[in-house]
4 protein chains.
Amino acid sequence: MALPYTYERRVRYRECDPMGVVYHTVYLDYFEEARTEALRHMGVRYRDLEADGIIMPVVHVEMDYHASAHYDDLLAIDVQFAQPPSVRVPIEYAVRHVGADDVLTTGHTTLCFMDAEQRRPTRPPPAVRQAFAAGLDPS
Amino acid sequence: MALPYTYERRVRYRECDPMGVVYHTVYLDYFEEARTEALRHMGVRYRDLEADGIIMPVVHVEMDYHASAHYDDLLAIDVQFAQPPSVRVPIEYAVRHVGADDVLTTGHTTLCFMDAEQRRPTRPPPAVRQAFAAGLDPS
Amino acid sequence: MALPYTYERRVRYRECDPMGVVYHTVYLDYFEEARTEALRHMGVRYRDLEADGIIMPVVHVEMDYHASAHYDDLLAIDVQFAQPPSVRVPIEYAVRHVGADDVLTTGHTTLCFMDAEQRRPTRPPPAVRQAFAAGLDPS
Amino acid sequence: MALPYTYERRVRYRECDPMGVVYHTVYLDYFEEARTEALRHMGVRYRDLEADGIIMPVVHVEMDYHASAHYDDLLAIDVQFAQPPSVRVPIEYAVRHVGADDVLTTGHTTLCFMDAEQRRPTRPPPAVRQAFAAGLDPS
């Protein structure tokens, strides 16, 4: 199985607060970038989905903060799609320093496939289901 | 009991995404503002805590998104301190349109009192405990 | 003349950087909020303009930083529309602490009235011209 | 001469507004990332400067917006240090799509070397002057 996908990200100055550490909301931005690149790696471009009338709003978020990251640190964000996507797409994240095992932050987001025009939940398009099937294939 | 405290907030342009709605991470910013003002209302200024060597990092976050908010909407964020603070401070949030009952987003954050220098959990200072005792008093 | 309009804004934690001061990009956010409220005060709601097919992108920005603002400071942002709007709308800003005269940051933004569909510059609608005429009237 | 340095950056969803384009303030974030990486390329790590008691606040900003960038676009930000750094460090930026010549946004920021403790302007440390001398060397 190709996943988890790992996305590397440098911490920027504006992302750190007066305590000198990455502000807690910023990890959600890292998660967005990480899942976008994980999807691209599987052959799914989110911008193409939108062009086809599909949006994927976030419907649930959870995060736990264990240790801090600091300015200019190079982070690794592991992304794991927990299961083949149905209407809902649960995704797990873990943030570490590149080259280290200690997990700084863990997170979970649930996205939802929606018809952009009707704003109603919908099934993922066939191309997405195939991409996930290939990406999640244990062989 | 004075709480829940309600904080009103206008949605800004930069907070909305290409779907035309408030981006999901932005609610965490609203929660920060709302709890800061709720604490101020109870007589606790976070900046004074920091000056006294106490910081309150966020250690856990949960959010559920039920309906969207749009540019220039005027939102009401209800803040509820679930219990008298010990080392941990759990806080509940609900976001509505001002004057409406439908809840758009609910959230939960757990903050932690920490000694800023030693970066270790600590008990809340007496002034904070007294402020909460008064604010949470059912009489 | 009713203007300059003054908008008050509390500095938030996420807006401060590891130097402990408001990060330089954040003043642009304050300017956006200040001009939106100045326009509302003159009777022009930007969301109504968009509903009428008019957008107002920013085409030029300048900022000078003289002194720092800190977490939880209460700031006053003065907004001055330099002239009646034609296709371009130049706006001046000055940021002070509430109740103080020292200017921390000055700024200038030029916005442009555009037809949203054709993405071409356009003249401001009559209602906007009238609102500005009233707001800028020296009598 | 090694410079201009070019930094590549993918546009993220949260950086786009309801017009569907990159929000005007976000280019300042791109500039920060681009100059940080340009400095790293020249052998100067900003985090090391801070550890040595030197900070580099931004004292002046200018930006001109010519054309829009959209979600998921891959941008090239060219960074040019205009001259060897004295107390002030003027930097020029131009944003294009990767592989294209049309300039979307141009910008200028002036940074200032400051003694972090005394909050007073100071001369750049010798290591920085040497790195710039090598980086700006026309030979």
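For the structure, see preceding data.
Notes on the structure in this doc start here. (Residues numbered from 1 in each chain as written. Chains lettered and ligands numbered in written order. Predicted model: local features only at pLDDT ≥ 70, side-chain atom pairs only at ≥ 80, totals over all residues.)

Quick look at the interface of chain A and chain B
Quoted interface sizes are often the accessible area lost when the parts come together. Quick reminder of the rule: Residues are defined as contacting one another if the C-beta atoms placed from their backbone atoms lie within 7 Å. In this text, helices come from DSSP runs of H or I with a minimum length of four residues, and strands from runs of E with a minimum of two, each type numbered from the N-terminal end. Two strands qualify as a pair provided that DSSP identifies no fewer than 2 bridges between them.
With 15 residues of chain A in contact, the opposing surface of chain B contributes 15 residues. For the side of chain A that touches chain B, the secondary structure elements donating two or more residues are α1 (26-41) and β3 (58-65) of chain A. Looking at which element gives the most residues to the side of chain A that touches chain B, the answer is β3 of chain A, with eight residues. Direction of pairing for β3 of chain A relative to strand β3 (residues 58-65) of chain B: antiparallel, over a ladder of five bridges. Each residue of the ladder has a partner; that of His-60 of chain A, found in β3 of chain B, is Asp-64 of chain B.

What about the pairing of strand β3 (residues 58-65) of chain D?
Taken together, the seven bridges between β3 of chain D and strand β6 (residues 103-112) of chain D define a ladder with antiparallel strand orientation. Residue pairing in the sheet places Asp-64 of chain D in a bridge with Thr-106 of chain D of β6 of chain D.

Considering the sheet that holds strand β8 (residues 120-121) of chain C
All names here are of chain C. Taken together, the three strands give an open sheet; going across it, the order is β2-β7-β8, and neighbouring strands pair in antiparallel fashion. Edge positions in the open sheet fall to β2 (54-55) and β8, since each of these has one partner strand only. Sheet analysis places β2 next to strand β7 (residues 114-115), joined by two bridges and oriented antiparallel. Across the sheet, the residue bridging to Ile-55 is Met-114, located in β7.

Things to note about the relation of the copies chain C and chain B
Convention followed: Only residues with pLDDT of at least 70 in both copies count here: their C-alpha atoms drive the least-squares fit that superposes the copies.
Rotating chain C by 180 degrees and translating it 0.0 Å along the rotation axis places it on chain B, where the RMSD comes to 0.0 Å. Such a turn and shift between the copies fits a two-fold axis. Across chain C, the rotation axis passes nearest the C-alpha of Arg-9 of chain C, at a separation of 5.8 Å. Mapped onto chain B, 100% of the interface residues of chain C again fall at the interface, so both copies present the same surface.

Structural notes on the environment of Pro-125 of chain D
Residue and element names in this part refer to chain D. Spelled out, the test is: The burial criterion counts other C-beta atoms lying within 10 Å of a residue's C-beta, which is placed from the backbone; the residue is buried at 20 or more, exposed at 12 or fewer, and partly exposed between these limits.
Tracing the backbone shows Pro-125 in the loop between β8 (120-121) and α3 (126-136). In this structure Pro-125 comes out as partly exposed when scored by C-beta crowding, with 16 C-beta atoms within 10 Å. Filtering out sequence-adjacent residues up to four positions away, Pro-125 remains in contact with Asp-52 and Ile-54.

Things to note about the interface of chain C and chain B
Which entries qualify depends on this criterion: For this classification, Asp, Glu, Lys and Arg are treated as charged, while Ala, Val, Leu, Ile, Met, Phe, Trp, Tyr, Cys and Pro are nonpolar and the rest, including Gly, are polar.
With ten residues of chain C at the interface, the matching set in chain B holds eleven residues. Top contributing element to the side of chain C that touches chain B by residue count: helix α1 (residues 26-41) of chain C, with three residues. Residues of the side of chain C that touches chain B, tallied by class, amount to two nonpolar, no polar and eight charged.

What about the environment of Ile-91 of chain B?
Residue and element names in this part refer to chain B. Residue placement: Ile-91 occurs in strand β5 (residues 88-97). For Ile-91, a count of 20 C-beta atoms within 10 Å puts it in the buried group. In this structure the C-alpha to C-alpha distance between Ile-91 and Thr-110, which are 19 residues apart in sequence, comes to 6.2 Å. Once residues within four sequence positions are removed from consideration, Ile-91 is found in contact with Arg-35, Val-79, Gln-80, Phe-81, Ala-82, Thr-109 and Leu-111.

Examining the nonpolar core
Across soluble globular proteins, you tend to see nonpolar side chains buried next to one another. What counts here: Put simply, a nonpolar core is buried Ala, Val, Leu, Ile, Met, Phe, Trp, Tyr and Cys residues tied into one set by C-beta atoms within 7 Å.
Counting 74 residues, the largest nonpolar core has Tyr-30, Ala-34 and Ile-77 of chain C together with Tyr-30, Ala-34 and Ile-77 of chain D as its most contacted members. Ignoring anything within four residues of it in the chain, the contact list for Ile-77 of chain D reads Thr-6, Tyr-7, Arg-9, Tyr-30, Phe-31, Ala-34, Tyr-93 and Val-95 of chain D. Grouped together as the second largest cluster of nonpolar side chains are 73 residues, Tyr-30 and Tyr-65 of chain A together with Phe-81 and Phe-113 of chain B included.

What to know about the sheet that holds strand β1 (residues 5-10) of chain C
Convention followed: Here an angle of 0 to 180 degrees is reported between the N-to-C directions of two axes, which are lines fitted to C-alpha atoms, with helices fitted over the stretch in contact.
Taking strand neighbours across the sheet as the criterion, the ten strands line up as β1(C)-β4(C)-β5(C)-β6(C)-β3(C)-β3(D)-β6(D)-β5(D)-β4(D)-β1(D) in an open arrangement whose pairing is antiparallel. Of all the strands in the sheet, the pair left with one neighbour each is β1 of chain C together with β1 (5-10) of chain D. Averaged over all neighbouring strand pairs, the angle between strand axes comes to 20 degrees, with direction disregarded. Each of β1, β3 (58-65), β4 (74-81), β5 (88-97) and β6 (103-112) of chain C touches α1 of chain C; the most contacted strand, β1 of chain C, lies at about 135 degrees to it. Strand contacts of helix α1 (residues 26-41) of chain D: β1, β3, β4 (74-81), β5 (88-97) and β6 of chain D, with the helix running at about 135 degrees to β1 of chain D, the strand carrying the most contacts.

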